[in-house]
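Given next are the chains, with one letter for each unit.
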Amino acid sequence: MATAQVKRAFRYRFHPTDEQAAELSRTFGCVRKVYNLALAARTEAWARQERVNYNATSAMLTAWKKTEELAFLNEVSSVPLQQALRHLQTAFTHFFGKRARYPRFTSKKRSRRSAEYTARAFRFRDGKLTLAKTAQPLAIVWSRPLPAGAKPSTVTVSQDAAGRWFVSLLCEDPCVQPLPATDTCVGVDVGLDHLLTLSTGEKVANPRHERRDRARLARAQRNLARKARGDGANRAKARRKVAKVYARIVDRRRDHLHQLTTRLVRDNQTIVIEDLAVRNLVKNHTLARAISDAAWAEFRRMLEYKAAWYGRDVIAVDRFFPSSKLCSACGTMQNTMPLSVREWVCGCGAVHDRDVNAAKNILAVGLTASVCGAGVRPQRSTPGGRSATKQKPLRREP
């Protein structure tokens, strides 16, 4: 039976001409304006206990274009503006489904600006991409080839805080096919001393990308702090320098996580992880910087979508499972396990490395839950409705 092809986004750098940069900047501004106007209209309607859907905001957009105040909306392609309204509709759908917070207004100084074009607003021929309202194709740096015969369904153009331009092409990728099934399984315990500890005993070092560039980041931030607040060119230049340091950190972190998750998915049929509440963990201000640098949530996101691509299984066990205090050899539970204890000896004589033992217990309970059909266990709350968080064996970030 033929498998459905996976839609995959291929992201590339490009270098626009002055005319293209000006046109895209105008488009970004119009997209932001339309999104905020539609959100304000829907918020006011919500206060009146009325609901406004995408069709209503689309009619509003037509009316806005006819006004003298918003006539500039006619100067850019209408497709990104309509896509902004669709994105707003999706945001409200997630909000009403209790999967996200209430949509927020977008700021002019947001870190990333973007516009999405559908097939009727761009032309892709012979490896050249031309957007609506632009005369010349984009000068794309093709760092990797698109799949043979790929036809992009949507194109998203963006500019990050560091001033870099990117284009993302959404295509069907026939190369993404389920891998041959294996009988290997692995449990994964995340941490800060070591980014990952596997049930096989392997430990993956934490590269601490943010710490490596901390001095450079501090200098750039001090330089920015000395600039007078406002829209001056000097302050904007200093802000871009800070953004470039952050971009360097994020790029290296993402590349490292891609390598780790690809290897785990390729080598294992089943991967068992903990269902950690990272949003709650970063409320610990002593460890928030180190936890954010480790990017546990991004690691899980990459692992799950790659497993879905290649026919692998990812099982998340309950975050309250006492993986560190349970002996993986005899099942005896220790009464206490201070965070400073990295190795311990069970009454049965087994000598445990704390993290390896935790990874083995995570694997065992994950496979048991999978056989029983339990899957991911539901979240629990403490009395009063506050979310409870498992105490991870973390050390203070020096």
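Residues numbered from 1 in each chain as written. Predicted model: local features only at pLDDT ≥ 70, side-chain atom pairs only at ≥ 80, totals over all residues. Heavy atoms only, no water.

Per an unreviewed UniProt entry, the recorded name for the chain is Transposase, and the organism is Streptomyces minutiscleroticus.

Caption draft 1: The arrangement of the overall build of the chain in detail. Counting its secondary structure elements, the chain contains 10 helices and 13 strands. C-alpha atoms of the chain, sized along the principal axes, occupy 80 × 60 × 50 Å. Looking at the chain as a whole, 43% of its 398 residues are labelled buried. For the chain, long-range pairs separated by at least 24 residues make up 72% of all intrachain contacts whose partners lie at least 6 apart in sequence. Computing the positive centroid from 72 side-chain charges and the negative centroid from 34, the chain places the two 5 Å apart. (Helix = DSSP H or I, 4+ residues; strand = E, 2+ residues; numbered from the N terminus. Buried < 20%, exposed > 50% of the residue type's maximum accessible area, 1.4 Å probe, protein only. Contact = heavy atoms within 4.5 Å. Lys, Arg positive; Asp, Glu negative; His and termini not counted. Charge placed at Lys NZ, Arg CZ, Asp CG, Glu CD.)

Caption draft 2: Region of interest: the state of the cysteines. This model, assessed by the stated rule, comprises 0 disulfides. The closest cysteine sulfur to the non-disulfide-bonded cysteine 330 is located on cysteine 346, 3.5 Å from its own sulfur. Judged by relative accessible area, which is 41%, cysteine 330 ranks as partly exposed. (Disulfide = S-S within 2.5 Å.)

Caption draft 3: Here's a closer look at the nonpolar core. Ranked by internal contacts, the top residues of the largest apolar core, which has 41 residues, are Leu131, Val157 and Val167. Elements with a contribution of two residues or more to this core: strand S1 (6–13), helix H1 (18–47), helix H2 (54–65), helix H3 (78–96), strand S2 (113–118), strand S4 (128–131), strand S5 (154–159) and strand S6 (165–173). By size, the runner-up hydrophobic cluster in this structure holds 27 residues, among which are Leu264, Ile273, Leu281 and Ala290. (Core = buried A, V, L, I, M, F, W, Y, C linked by side-chain atoms within 4.5 Å.)

Caption draft 4: Region of the structure containing a positive patch on the surface. A cluster of like positive charges, contributed by Lys237, Arg239, Arg240, Lys241 and Lys244, occupies part of the molecular surface. Tracing the sequence through the fold places arginine 240 in helix H6 (residues 233–267). (Patch = residues over 30% accessible without salt bridge, like charges linked within 9 Å, V, L, I, M, F, W, Y side chains within 5 Å. Areas by Shrake-Rupley, 256 points an atom, 1.4 Å probe, with all protein chains shown as cover. Salt bridge = Lys/Arg side-chain N within 4 Å of Asp/Glu carboxyl O.)

Caption draft 5: Here's a closer look at the UniProt feature "domain: Cas12f1-like TNB" (unreviewed entry) in the chain. Taking the numbering used here, the UniProt-annotated feature "domain: Cas12f1-like TNB" (unreviewed entry) corresponds to residues 296–362. Strand forms 16% of residues 296–362 and helix 36%; the C-alpha atoms that close the span are 16 Å apart. (UniProt positions renumbered as here; feature names shortened; annotations may be inferred.)

Caption draft 6: Region of interest: the packing of H2 against H3. It is the contact of H2 with H3, at a shortest axis distance of 10 Å, that shows an interaxial angle of 145 degrees. The interaxial crossing formed by H2 with H3 has right-handed handedness. Side by side, H2 and H3 meet where Tyr54, Thr57, Ser58, Leu61 and Lys65 of the first sit next to Ser78, Leu81, Gln82, Leu85, Arg86 and Gln89 of the second. Within the contact of H2 with H3, the residues separate by chemical class into 4 nonpolar, 5 polar and 2 charged. (Axes fitted to C-alpha atoms, helices over the stretch in contact; angles between N-to-C directions. Left-handed = near helix turned anticlockwise from the far one by under 90°. Nonpolar A, V, L, I, M, F, W, Y, C, P; charged D, E, K, R; others polar.)

Caption draft 7: Spatial organisation of the packing of H1 against H2. Packing of H1 against H2 brings their axes to within 10 Å, and their N-to-C directions diverge by 125 degrees. The angle between H1 and H2 places the two elements in the oblique class. Like other packed secondary-structure pairs, H1 and H2 cross with a definite hand, here right-handed. Across from Val34, Leu37, Ala38, Ala41 and Arg42 in H1, the residues of H2 making contact are Tyr54, Thr57, Met60, Leu61 and Trp64. When its residues are assigned to classes, the contact of H1 with H2 shows 8 nonpolar, 1 polar and 1 charged. (Parallel < 35°, antiparallel > 145°, perpendicular 65-115°, else oblique.)

Caption draft 8: Spatial organisation of the packing of aromatic side chains. With the rule as written, the count across this model stands at 12 aromatic pairs. Ring centres 5.1 Å apart and planes at 90 degrees place the aromatic pair phenylalanine 95 and tyrosine 102 in the edge-to-face group. You can call phenylalanine 95 partly exposed: its relative accessible area is 23%. An aromatic cluster is built from Trp46, Phe92, Phe95, Phe96 and Tyr102, whose rings are joined through pairwise contacts. The ring of phenylalanine 166 is capped by arginine 11, whose NZ or CZ atom sits 3.8 Å from the centre of that ring. In this arrangement the basic side chain of arginine 51 is found over the ring face of phenylalanine 96, its NZ or CZ atom lying 4.2 Å from the centre. (Phe/Tyr/Trp six-rings, centres within 6.5 Å; stacked < 30°, edge-to-face > 60°. Lys NZ or Arg CZ within 6 Å of the ring centre and 35° of its normal.)

Caption draft 9: View of the side chain of glutamate 116. Positionally, glutamate 116 belongs in strand S2. For glutamate 116, which is buried and forms no salt bridge, the nearest opposite charge comes from arginine 86, at a distance of 7.1 Å. Of the polar contacts made by the side chain of glutamate 116, one reaches the side chain of glutamine 83; its length is 2.3 Å. A polar contact is formed between the side chain of glutamate 116 and the side chain of histidine 87, at a distance of 3.4 Å. (Polar contact = N/O pair within 3.5 Å; in protein donor to acceptor, adjacent residues only side chain to side chain.)

Caption draft 10: Summary view of the pattern of salt bridges. The final tally for this structure, using the stated rule, is 20 salt bridges. For the salt bridge of aspartate 160 with arginine 164, the shortest nitrogen-to-oxygen distance reads 2.8 Å. Residues joined by salt bridges that share partners form a network here, namely Asp160, Arg164, Asp251 and Arg254.

Caption draft 11: Examining H2 more closely. Under the 1.5 Å per step criterion, the end-to-end length of H2 is 17 Å for 12 residues, consistent within 8% with the ideal 16 Å. All of the buried residues along H2 are Tyr54, Thr57, Ser58, Leu61, Trp64 and Lys65. Down the axis, H2 shows its buried residues gathered within 115 degrees of arc, on one side only. Buried positions along H2 lie against H1 and H3. At the N-terminal end of H2, a side-chain oxygen is found 3.3 Å from the backbone nitrogen of asparagine 55, two or three residues along, and the residue is asparagine 53. (Expected span 1.5 Å × (residues − 1). Arc of directions from axis to C-beta.)

Caption draft 12: View of the sheet that holds strand S11 (residues 313–317). One open sheet accounts for 5 strands, arranged S9-S8-S7-S10-S11; its pairing is mixed. Edge positions in the sheet fall to strand S9 (203–205) and S11, since each of these pairs with one other strand and no more. Across the sheet, the mean angle from the axis of one strand to that of its neighbour is 25 degrees, orientation sign disregarded. Contacting strand S8 (194–198), S9 and strand S10 (270–274), H6 runs over the sheet at an angle of about 5 degrees to S8. (Pairing = 2+ DSSP bridges.)

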